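Below, each chain spelled out in residue letters.
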Amino acid sequence: MIVVEDLHKHFGGFHAVDGASLEIAEGSITGLIGPNGAGKTTLFNVIAGVLPPTSGRVTMAGEDITGLAPHELFHKGLLRTFQIAHEFSSMTCRENLMMVPGNQIGETLWNTWFGRKRIADQERALRAKADEVLEFLTVEHLADHKAGQISGGQKKLLELGRTMMVEARIVFLDEVGAGVNRTLLNTIGDAILRLNAERGYTFVVIEHDMDFIGRLCDPVICMAEGKVLAEGTLAEIKANEQVIEAYLGTGLKNKQKVEA
């Protein structure tokens, strides 16, 4: 689905992504881990068009998407969420979802004058779709709540729900578990697994919670200092000496301590 080749992103003399190469298989849930400052979020931002790369190449299903803008990638089915949720706080959860699909009929002045029936029909369809998404995520009781008033974990679910309002092919989730209680994190994990199994979503997940990564992700990719350090199952990653060194600056003599 995604191939990243020798990707670089420099900020002056700082190399946030420094020659990263990786592949994301279609239909997988891939975990991306690494110590703080490893370049994980910057890599996401470059792939998703938020930042232009300094050099390197990104392809999606064989098509070169290097440097495309987020809205262009959105229409190709590549979406991302953020560590801090970006909701429309004064709108309801249902309205937040209804805003997602692009090129809506009511967006043109002409249609607001002469296409009111078509606008009304589309809004009914979008409302029904939003309610279906909220039910899927088990938060239908929040439909009429202002998005700015729900909990941080519920906002993460709402962000995931946005990806369900369009034909998403691959979704990049940036620290979906940050600040989320364990019960709600399990609900988010259940939704990701269902979207993957039932609707064929491909996911890439940045997360520091190894239990969450272990439940969802195979393979797991570890980054350090802007490079891909290792790839494999979580068990293989946890046993990798380079990974242990990157996280703790220690070696095999302390490996048992890490595993414990």
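Residues numbered from 1 in each chain as written. Predicted model: local features only at pLDDT ≥ 70, side-chain atom pairs only at ≥ 80, totals over all residues. Heavy atoms only, no water.

1. Some remarks on the pattern of salt bridges
- Within the structure shown, the criterion is met by 14 salt bridges.
- Note that Arg-124 is salt-bridged to Asp-121, the shortest N-O span being 2.2 Å. Taken together, the positions of Arg-124 and Asp-121, both in helix α5 (residues 116-136) and three residues apart, correspond to about one turn of that helix.
- On the basis of relative accessibility, which here comes to 31%, the residue Asp-121 falls in the partly exposed class.
- The salt bridge partner of Arg-162 is Glu-159, with a shortest N-O separation of 3.1 Å. Linking Arg-162 with Glu-159, this pair stays in helix α6 (residues 152-163), spanning three residues, or about one helical turn.
- One connected set of salt bridges, linked through shared partners, spans Glu-5, Arg-57 and Asp-64. (Salt bridge = Lys/Arg side-chain N within 4 Å of Asp/Glu carboxyl O. Helix = DSSP H or I, 4+ residues; strand = E, 2+ residues; numbered from the N terminus. Buried < 20%, exposed > 50% of the residue type's maximum accessible area, 1.4 Å probe, protein only.)

2. Topic: the sheet that holds strand β6 (residues 78-80)
- Reading across the sheet, the six strands line up as β6-β7-β8-β3-β9-β10 and stay open at both edges, with mixed pairing between neighbours. The open sheet is flanked by β6 and β10 (227-232), the only strands paired with a single partner. Each adjacent strand pair in this sheet contributes to an overall mean axis angle of 20°, direction not counted.
- Sheet analysis places β6 next to strand β7 (residues 170-174), joined by three bridges and oriented parallel. Looking at the pairing, Leu-78 lines up with Ile-170 of β7. (Pairing = 2+ DSSP bridges. Axes fitted to C-alpha atoms, helices over the stretch in contact; angles between N-to-C directions.)

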